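Results of the structural survey
Each chain, written out:
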Amino acid sequence: QVQLVESGGGSVQAGGSLRLSCAASRYTYSSYYMAWFRQAPGKDREGVACIYTGGGSTYYAAAVNGRFTISQDNGQNTLYLQMNSLKAEDTAMYYCAAGGQYGGRWCLVSSHYNYWGQGTQVTVSS
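For the structure given in this document, a descriptive report is provided here. (Residues numbered from 1 in each chain as written. Predicted model: local features only at pLDDT ≥ 70, side-chain atom pairs only at ≥ 80, totals over all residues. Heavy atoms only, no water.)

Regarding the packing of aromatic side chains
One pass over the full model with this rule turns up 4 aromatic pairs. The interplanar angle of 55° and the centroid separation of 5.0 Å between the aromatic rings of Phe37 and Trp116 together place this pair among those described as tilted. Residue Phe37 is located in strand β4 (residues 33-39), and its partner Trp116 is located in strand β10 (residues 115-116); the two are separated by 79 residues in the primary sequence. Taken together, a centroid distance of 6.3 Å and an interplanar angle of 70° make the contact between Tyr113 and Trp116 edge-to-face. Since its relative accessible area comes to 27%, Trp116 is described here as partly exposed. Among the aromatic residues, those joined into a cluster by ring pairs are Phe37, Tyr113 and Trp116. Over the aromatic face of Trp116 sits the side chain of Arg45, whose NZ or CZ is 4.7 Å from the ring centroid. Over the aromatic face of Trp106 sits the side chain of Arg105, whose NZ or CZ is 4.2 Å from the ring centroid. (Phe/Tyr/Trp six-rings, centres within 6.5 Å; stacked < 30°, edge-to-face > 60°. Helix = DSSP H or I, 4+ residues; strand = E, 2+ residues; numbered from the N terminus. Buried < 20%, exposed > 50% of the residue type's maximum accessible area, 1.4 Å probe, protein only. Lys NZ or Arg CZ within 6 Å of the ring centre and 35° of its normal.)

Re unusual backbone geometry
The backbone of Ser85 shows a phi angle near 50°, a positive value even though the residue is not glycine. Residue position: Ser85 is located in the loop between β8 (78-83) and β9 (92-100).

As for the nonpolar core
Soluble globular proteins tend to bury their nonpolar side chains together. By size, the foremost hydrophobic cluster in this structure holds 37 residues, and its most contacted members are Trp36, Leu81, Met83 and Tyr94. Elements with a minimum of two residues in this core: β3 (18-24), β4, β5 (46-52), β7 (68-73), β8, β9 and β11 (120-125). Ignoring any residue separated from it by four or fewer positions in sequence, one finds Tyr94 in contact with Glu6, Leu20, Phe37, Arg38, Val48, Phe68, Leu81, Met83, Gly119, Thr120 and Val122. (Core = buried A, V, L, I, M, F, W, Y, C linked by side-chain atoms within 4.5 Å. Contact = heavy atoms within 4.5 Å.)

Considerations on the environment of Pro41
In this fold, Pro41 is placed in the loop between β4 and β5. Under the relative-accessibility criterion, Pro41 is labelled exposed at 77%. C-alpha of Pro41 to C-alpha of Ala92: the two residues are 51 residues apart in sequence and 7.3 Å apart in space.

A short note on the sheet that holds β7
The 4 strands are arranged β1-β3-β8-β7 in an open sheet whose pairing can be described as antiparallel. Each end of this open sheet is capped by a strand with a single partner; those strands are β1 (4-7) and β7. The average angle at which neighbouring strand axes cross in this sheet is 15°, direction not considered. In the sheet, β7 pairs with β8 via 6 bridges, with the strands oriented antiparallel. Looking across to β8, one finds that Ile70 is bridged to Leu81. (Pairing = 2+ DSSP bridges. Axes fitted to C-alpha atoms, helices over the stretch in contact; angles between N-to-C directions.)

Written as structure tokens, this is what we have:
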């Protein structure tokens, strides 16, 4: 069983930055996808960014492309999401997910993931 624990959320003003971390309980980095999702109150969970742990290729949702960067540190079993130029509409609970098998836009489909963290709240004030 893989356990994922997110951290790094908080409150920030629009235009600011935050870096989210997702620590895995054991070595999970083989050839599959890990991703960040978010869910705002009253809205569906949406994919934000994903990374292929076997080769490092990434894919981003249009809403965050150019502002967010997903990365991994295999030695520390940690996934990151650097979020810059934050906007009020980025406010949401952010979740880390692991175990995806499909690339491209399919890596941002939540049903493709087996393991989830508990989430970390990001609040951006305008």
